[in-house]
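# Tertiary structure, described
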Amino acid sequence: MATQAEFEHPRKAFGWAARDTSGVLSPFNFSRRETRENDVAFKVLYCGVCHSDIHMLKNEWGFSLYPLVPGHEIIGIVTEVGSKVNKFKVGDKVGVGCMVGSCRKNTCRNCNDALENYCPQMILTYGVKDTDGTITYGGYSDLMVADENFVVRIPQGFPLDAAAPLLCAGITVYSPLRYYGLDKPGLHVGVVGLGGLGHMAVKFAKAFGVKVTVISTSPEKKDEAIQLLGADHFLISRDHDQMQAATGSFDGIIDTVSAFHPLLPLVSLLKCHGKLVMVGAPEKPLELPVFPLIMGRKTVAGSTIGGMKETQEMIDFAAKHNVKPEIEVIPIDYINTALERLLKADVKYRFVIDIGNTLKPST
Ligand code: NAP
Ligand code: ZN
């Protein structure tokens, strides 16, 4: 049956959507806007699968709009540009991450500081209201249309499938490592949760010359963490003795865990003045143990993605320093299984959907 989504815009589009909080995805006909003067239109080739897609699909954060087409690690090739676009041309390899808009007004301090990600009017790539009142649809779909200010360039030679996870997982860990000063050789940084974000945190931290310890619930990830990803050490977070022995030895920790977990063992790992930076976004509040914080003048902080300037900087840094996501490329009809595996932490280390070769329009 035809839906409103098919006719609200002039351009036919096709993807996979969830219709309700069951979070199960199935084929979906919808539409995209025309290419406005500042827009870039592109054919989607690859899209990464982020744990946020699961939170959003199941409405765990409470603001999802349906039908919901997820996907905010989107890579493609430009097919059309608006009359005022000067940064991109047809044929360019580009990406769109977690946001497709912000107020961009002179009066907005965050937009002025190239921190569109902290603009109160930031528009997420999918599952929310756009400025014209329609719902934004993400990259589990055949084509994208986005304002050029929210599009990044993929450097020549960077594999397009492996580039996808940079758009969310990459920038989400790169930005706090930089901002909180955890990018200095000689520092000791912990990475909690070795999934999509976590493995990128290990790779960027190593590229900065930092000593890295992975803190994980999965002992079977140890060998790869060290041999493949380049981590220096591996701690099992549920092993009390191991955690005890590492007390007070970390300058900073990036916490990427997607579910409820205790913070006390992590705060205890920090040195005096150490920083615990939360980037994982569990649906329920975590418990903050205050006493060990005040006894060490420690910081607990947060961070979300990064501004567009920093996102381009991160991609260029990744290309220059050979920081490449580890991916499992999947066809679109595997997506529901991939989401189940992601929930079981069974991922090495990011699923990327081969949209270009496997997404076929329904008749
Ligand atoms: P992911 O690939 O599923 O990785 C999460 C990892 O957390 C798992 O691999 C697992 O690692 C660990 N974990 C899972 N459940 C756990 C539990 N109950 N207790 C302890 N550890 C657990 O997810 P992701 O895509 O990296 O995303 C991680 C989180 O970041 C999600 O909540 C996502 O929504 C959020 N996120 C935030 C931003 C932002 O802007 N701040 C951006 C993107 C994503 P081990 O097997 O090593 O324990
Ligand atoms: Zn994401």
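One can find the structure itself at the top, above this paragraph.
All chains use their own residue numbering, which begins from 1 and follows the written sequence. Chain letters start at A and ligand numbers start at 1, both assigned in the order the entries are written. With pLDDT at 70 or above as the cut-off, local features in this predicted model cover only qualifying residues; side-chain atom pairs require 80 or more to be listed or tallied, and sums for whole chains, interfaces and linings still use all residues. Hydrogen atoms and water are omitted, and side-chain values are computed over all heavy atoms in the structure.

## Considering the coordination of the zinc ion (ligand 2)
Cys50 (SG), His72 (NE2) and Cys168 (SG) make up the full set of protein donors to the zinc ion (ligand 2), lying at 2.0 to 2.2 Å. The sequence motif formed by the donor residues of the zinc ion (ligand 2) is C-x21-H-x95-C. A residue pair is termed long-range when its members are at least 10 positions apart, and Cys50 in the loop between strand 3 (39-49) and helix 1 (51-57) and His72 in the loop between helix 1 and strand 4 (74-81) qualify at 22 residues. Nitrogen, oxygen and sulfur within 2.8 Å of a metal are treated as its donors, or within 3.2 Å for sodium, potassium and calcium (Na, K, Ca); water is not counted, so a site can appear incomplete. Elements are defined by DSSP. Helices are runs of H or I of four residues or more, strands are runs of E of two residues or more, and each kind is numbered from the N terminus.

## So, the sheet that holds strand 13 (residues 250-255)
Between any two strands, at least two bridges found by DSSP are needed for them to pair. With parallel pairing, the six strands of this open sheet are ordered in space as 12-11-10-13-14-15. Two strands bound the open sheet, and with one partner strand each, they are strand 12 (233-236) and strand 15 (299-302). Here the strands of the sheet are splayed against their neighbours by 20 degrees on average, with no regard to which way each runs. In this structure, strand 13 lies alongside strand 14 (residues 270-278), joined through five bridges in parallel fashion. Among the inter-strand pairings, Ile253 is bridged to a residue of strand 14, identified as Leu276. Axis geometry follows a simple rule: fit a line to the C-alpha atoms, using only the stretch in contact for helices, then measure angles between N-to-C directions, giving values from 0 to 180 degrees.

## Here we look at helix 11 (residues 335-343)
Using a 1.4 Å probe on the protein chains alone, a residue whose accessible area is under 20% of its type maximum counts as buried, one over 50% counts as exposed, and one in between counts as partly exposed. Within the sequence span of helix 11, burial applies to Ile335, Ala338, Leu339, Arg341 and Leu342. In an axial view of helix 11, the angular spread of the buried residues amounts to 160 degrees, which keeps them on one side of the axis. Here, residues are in contact when the closest pair of their heavy atoms is within 4.5 Å. Here the buried face of helix 11 lies against strand 1 (11-18), strand 2 (25-32), strand 3, helix 1, strand 16 (327-330) and strand 17 (350-354). Trailing helix 11 by a residue or two, Ala345 shows a phi angle of about 60 degrees, which is positive. Here the arc refers to the set of directions running from the helix axis out to each C-beta atom.

## A closer look at the side chain of Lys221
Within the secondary structure layout, Lys221 lies in the loop between strand 11 (211-216) and helix 6 (222-227). Here the positive residues are Lys and Arg and the negative ones are Asp and Glu; neither His nor the chain ends is included. In the sections that follow, a salt bridge refers to a side-chain nitrogen of Lys or Arg positioned within 4 Å of a carboxyl oxygen of Asp or Glu. The side chain of Lys221 is buried and forms no salt bridge, while Glu220, the nearest opposite charge, is found at 6.0 Å.

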